[in-house]
Amino acid sequence: MKKLLILSVFAGLAFTGCKKKASSVSTLYNHSVPTIILPDNHYYSIPVGGVLPTIEATAYDSFYHEDCAVVYDQSKLDNTVADAYKVYATAKNKYGMMASELLYVAVTDIDTLVDLSGLYARMGNDDTVMITKLANGFYMTNDVGANGTMDTTNITSAYFVQTSDIALSMPEQDTKFGVLSGTSGFINMTPGDTTIEYVINNSTFDQSVRLFKKL
């Protein structure tokens, strides 16, 4: 009887010990961020002094099945000065995990009939670039580096805004070669002789000048 009693007490202690260990297991949490869905036409242009644009992006977290509010930071957008401006759209899920998207807004008084889009040839080599109009005075070039048709490693697109009849501005923007910054440019819109010139401040491109003539 004594042996059986001792065995029962030992079994009880062992069971208690197992319970204690089980209660200390860590909880595993999943990490998820919302996806911000931009409208199809999310390139914005307003006249100098115009009303700030209404941006209607949405956000959804597919893991938590949650719609998330989108907040826009337009604090650095100055509608009194012609230029290209950044607007950040952010969204958080219920656990505070945040996603962001970067939008650009053009502020310009360029006539809506002006259109710089088309195929351009780089002066000095055989390269060509395509410029696409996104909104009034707001454009994208598909090859800001433009180091020749045989150079496929330095191709990257970039945005720019036509701020006057003779000037353009490229906002700070991320590319696969790092940030393009401090970029300026000039435009000659002589009928039949449209040329665009800009300087790239980026170590990959050695702050080189790019001059293009519309074909």
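Residues numbered from 1 in each chain as written. Predicted model: local features only at pLDDT ≥ 70, side-chain atom pairs only at ≥ 80, totals over all residues. Heavy atoms only, no water.

When you look at the pairing of strand 11 (residues 158-162) in this model, what are you seeing that I'm missing?
Successive residues of a regular strand alternate their side chains across the two faces of the sheet. With five of five residues buried, strand 11 lies mostly within the body of the structure. One ladder, built from four bridges, connects strand 10 (residues 138-141) with strand 11; its direction is antiparallel. Bridge assignment links threonine 141 to a residue of strand 11, and that residue is alanine 158. Sheet topology note: the strand 11/strand 12 (residues 167-170) ladder contains two bridges and is antiparallel. The partner of valine 161 across the bridge, within strand 12, is serine 169. Counting the residues between successive antiparallel strands, the hairpin from strand 11 to strand 12 contains four residues. (Buried < 20%, exposed > 50% of the residue type's maximum accessible area, 1.4 Å probe, protein only. Helix = DSSP H or I, 4+ residues; strand = E, 2+ residues; numbered from the N terminus. Pairing = 2+ DSSP bridges.)

When you look at the side chain of aspartate 143 in this model, what are you seeing that I'm missing?
Here aspartate 143 shows up in the loop between strand 10 and strand 11. An unpaired buried charge is present at aspartate 143: no salt bridge exists, and arginine 210, the closest side chain of opposite charge, is 7.1 Å distant. For aspartate 143, the residues in contact, after removing those within four places along its chain, are Asp127, Val129, Asn154, Ile155, Thr156, Ser157 and Tyr198. (Lys, Arg positive; Asp, Glu negative; His and termini not counted. Salt bridge = Lys/Arg side-chain N within 4 Å of Asp/Glu carboxyl O. Contact = heavy atoms within 4.5 Å.)

Please explain the nonpolar core as it appears in this structure.
Within soluble globular proteins, side chains that are nonpolar tend to cluster in buried spots. Counting residues in hydrophobic clusters, the biggest one holds 18 residues, and the most contacted among them are Leu116, Tyr120, Val144, Phe160, Leu168, Ile196 and Tyr198. Breaking this core down by element, the ones donating at least two residues are strand 9 (128-135), strand 11, strand 12, strand 14 (178-190) and strand 15 (193-201). Contact partners of tyrosine 198, with chain neighbours within four places excluded, come to Thr141, Asp143, Val144, Leu168, Met170, Thr183, Ser184, Gly185, Ser208, Val209, Arg210 and Phe212. Formed by nine residues, the second largest nonpolar core is a distinct cluster that contains Ile46, Leu77, Leu103 and Val107. (Core = buried A, V, L, I, M, F, W, Y, C linked by side-chain atoms within 4.5 Å.)

Sorry, what's going on with the packing of aromatic side chains here?
Geometrically, a pair of aromatic rings is defined through the distance of the ring centres and the angle of the planes. By the definition in use, this model includes eight aromatic pairs. Between phenylalanine 63 and tyrosine 64, the aromatic rings sit 5.0 Å apart at their centres with planes inclined by 90°, giving edge-to-face as the arrangement. With 5.4 Å between their ring centres and 20° between their planes, tyrosine 139 and phenylalanine 160 make a pair best called stacked. Placement of tyrosine 139 in strand 10 and of phenylalanine 160 in strand 11 is noted, with a sequence separation of 21 residues between them. Note on tyrosine 139: relative accessible area 0%, which makes it buried. Taken together, Tyr43, Tyr104, Phe138 and Tyr159 form an aromatic cluster joined through their ring pairs. (Phe/Tyr/Trp six-rings, centres within 6.5 Å; stacked < 30°, edge-to-face > 60°.)

Explanation requested: unusual backbone geometry in the structure shown.
Peptide bonds are, in most cases, trans, and in most cases residues other than glycine have a negative phi. Here histidine 65, not a glycine, exhibits a phi torsion of approximately 50°, which is positive. Relative to the elements of secondary structure, histidine 65 occurs in the loop between strand 3 (58-61) and strand 4 (66-68).

Honestly, the sheet that holds strand 5 (residues 70-73) in this entry has me stumped. Any pointers?
In sheet architecture, strand pairing relies on hydrogen bonds along the backbone and comes in two forms, parallel and antiparallel. The strand order across the open sheet formed by four strands is 2-7-6-5, and the pairing between neighbours is mixed. The sheet is open, and its two edges are formed by strand 2 (44-46) and strand 5, each paired on a single side. In this sheet, adjacent strand axes meet at a mean angle of 30° when their direction is disregarded. Where strand 5 lies against strand 6 (residues 83-92), four bridges are found, and the strand directions are antiparallel. Its bridge partner lying in strand 6, valine 71 is registered against threonine 90. (Axes fitted to C-alpha atoms, helices over the stretch in contact; angles between N-to-C directions.)

Got a minute to help me understand the sheet that holds strand 4 in this structure?
Taken in spatial order, the three strands make up an open sheet running 1-3-4, and their pairing is antiparallel. Each edge of the open sheet is held by one strand with a lone partner, namely strand 1 (35-37) and strand 4. Strand-to-strand, the axes of this sheet are offset by a mean angle of 30°, without reference to chain direction. With three bridges joining them, strand 3 and strand 4 adopt antiparallel strand pairing. Note that in strand 4 the partner of tyrosine 60 across the bridge is aspartate 67.

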